[in-house]
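Architecture and fold: a report
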Amino acid sequence: MSTETQALIAEYFASDTLAGLPRDHWIDGQWLAASAGESMETFDPGTGKAFASFAAGDEQDVELAVAAADKAWRGAWGKGLPAERSRVLYRAAEGIRANAERLAVIETLDNGKTLSEAQADVRSAARLFEYYAGAADKLQGDTIPMGPDYVSQASLEPVGVTAHVIPWNYPFSTAARGLAPALAAGCTAVLKPAEQTPLTALLLAEILHRAGLPAGACNVVTGTGNRVGAPLVAHPKVRHVTFTGSVETGRRVMQAAARNISSVTLELGGKSPMVVLADCDIDAAIEDVLWAIYSNAGQICSAGSRLVIERSVHAEFVERLAARANELTIGHGLKNPNIGAISSLEQLDKISTFVEDARTRKIKVAAGGTRLTDPDSGRGWFFAPTLLDDIRPMDRLVQEEIFGPVLSVQVADSIEHALVLANGTEFGLAAGIYTRDITKALRLARDIDAGQIYINEYFAGGVETPFGGNRLSGFGREKGLEGLRSYCRTKAVTARI
Ligand code: NAI
Ligand code: MG
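Everything quoted here is computed from the prediction, not taken from an experiment.

Right, let's get into the packing of aromatic side chains. All told, the structure shown has nine aromatic pairs when counted by the stated rule. With 6.1 Å between their ring centres and 40° between their planes, Phe43 and Trp381 make a pair best called tilted. Taken together, the residues Phe43 in strand E3 (residues 39-44) and Trp381 in the loop between strand E15 (371-372) and strand E16 (382-383) connect sequence positions 338 residues apart. Ring geometry for Trp168 and Phe403: centres 5.4 Å apart, planes at 85°, overall edge-to-face. You can see Trp168 sitting in the loop between strand E7 (161-165) and helix H6 (171-184) and its partner Phe403 sitting in the loop between helix H13 (396-399) and strand E18 (406-412), a full 235 residues away along the chain. Exposure class is identical for Trp168 and Phe403. Each is buried. Ring pairs connect the aromatic residues Tyr12, Phe13 and Phe51, which therefore count as one cluster. If you follow Lys113 out to its NZ or CZ, it ends over the ring of Tyr170, 3.8 Å from the centre.

The structure is reproduced here in structure tokens:
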């Protein structure tokens, strides 16, 4: 561990906070206190204690931020040279890397995840800016053959002001996932981080400013979903809304956007299956399934939260997986255990309720199943890595997103049965397939209804790969070149000559 990280950790454990944390909104290129002068606290899930406060915004702050974004779109950023946008975004990637240690420590404190996980998130955010920096000056359109009497072209323009509503599970990398392509396309942005994890998005806005982004091109307004998120997504000057979060809030966001006929990208929940066939590399699959559900304490929209496994290998697989789950260490994220905290008390209660209900229904708990605290301090919000075995297809443990370290196991009698089970929910975000038979793998990949399919490595892919869901998991794709499309509109210009 570097000396910078060590010093930050020592400072935190000595003072229960860090010096120099952002506390205001970032609007029009500067820090701005909440119009109503109100603030809220953010908690360290690893201790369960508040460690910083931040601006509790409202509609007035949203108004200022949207006005600034609108001005920057009509001016410096929207009308600027694509090559200059590219340079600014490259410098932002470098700025993120230069601040990576501090960002990762703050992300760990705000969210509860492990330091290694936060460091990986910061690296992926830098990569997103680098990737879209390279695309900013390559948004080429088409020429359309209309015969000798016409010249026709279709060009891509930025849609305008975009709103980004971000959840608490990946606060920094999800902010980067929307901002980088939006800015690359020449759009401007107003971003609302989750009230549980507001800090790193504010730091990102400051990094973008130092990288040369003009005032107003990226604004961050903090506060609750009702007081900041709702007026933001309903604002008539917002032309596209990028939302990641729950299905219920996604519906509300889509309704609000409908009034303005503005477009939306919805990245919602999941209940993604991992289909393990008997002929797979079982050792490798056990490790992969373990991290597909227990990474980030299971708080991942695309977590592999269902194991669909062939009966002939089911008993042995579950026994070995349970043994591995029981070995995992848990604790404050800054001590870098295998699994960090649950990001909020509310979420911990939700997870506990699911598991308690399973117990009363005599479902077999093959591992975990209990709330925990940090073994060193006796504090914080933790849940043991949990395995619930042999769940019926219509059970709520199969149908509903728990969003925690809880894996539901479903036993399949054949590959056809496995496919039916895999497709047996209203979600369609991701799916894993484990087999040595490439024909079986590709047939399942063809037939499973999901936005991303991972064969023999869960979460395979990178910033280059389009990401998003089908059905209740949402629509629209982020990442990859497709991630730019939401931020562009096509203009056809045709001349008779
Ligand atoms: P949420 O969907 O309510 O919150 C996500 C974001 O939306 C936050 O920034 C929140 O302030 C904002 N928001 C809330 N109400 C809004 C509104 N009316 N208009 C605009 N923005 C609004 O999710 P919540 O309550 O934090 O978590 C509930 C469940 O949602 C979790 O248990 C999990 O199942 C799911 N979830 C899924 C995520 C994903 O990555 N797909 C991320 C976070 C939660
Ligand atoms: Mg927090």
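Moving on, we get to the coordination of the magnesium ion (ligand 2). Tetrahedral coordination by four donors sets the ideal angle at the metal to 109.5 degrees; octahedral coordination by six donors sets it to 90 or 180 degrees. Here the magnesium ion (ligand 2) is held by the protein donor atoms Thr42 (OG1), Phe43 (O), Asp110 (O), Asp110 (OD) and Gln196 (O), which lie 2.3 to 2.6 Å from it. Mapped onto the polypeptide sequence, the residues donating to the magnesium ion (ligand 2) form the spacing pattern T-F-x66-D-x85-Q. On the criterion of sequence distance, the pair formed by Thr42 in strand E3 and Asp110 in helix H4 (residues 100-111) is long-range, its members being 68 residues apart. Residue Thr42 is classed as buried on the basis of its relative accessible area, which comes to 1%.

Rules used in this analysis
Residues numbered from 1 in each chain as written. Chains lettered and ligands numbered in written order. Predicted model: local features only at pLDDT ≥ 70, side-chain atom pairs only at ≥ 80, totals over all residues. Heavy atoms only, no water. Phe/Tyr/Trp six-rings, centres within 6.5 Å; stacked < 30°, edge-to-face > 60°. Helix = DSSP H or I, 4+ residues; strand = E, 2+ residues; numbered from the N terminus. Buried < 20%, exposed > 50% of the residue type's maximum accessible area, 1.4 Å probe, protein only. Lys NZ or Arg CZ within 6 Å of the ring centre and 35° of its normal. Donors = N, O, S within 2.8 Å, 3.2 Å for Na, K, Ca; no water.

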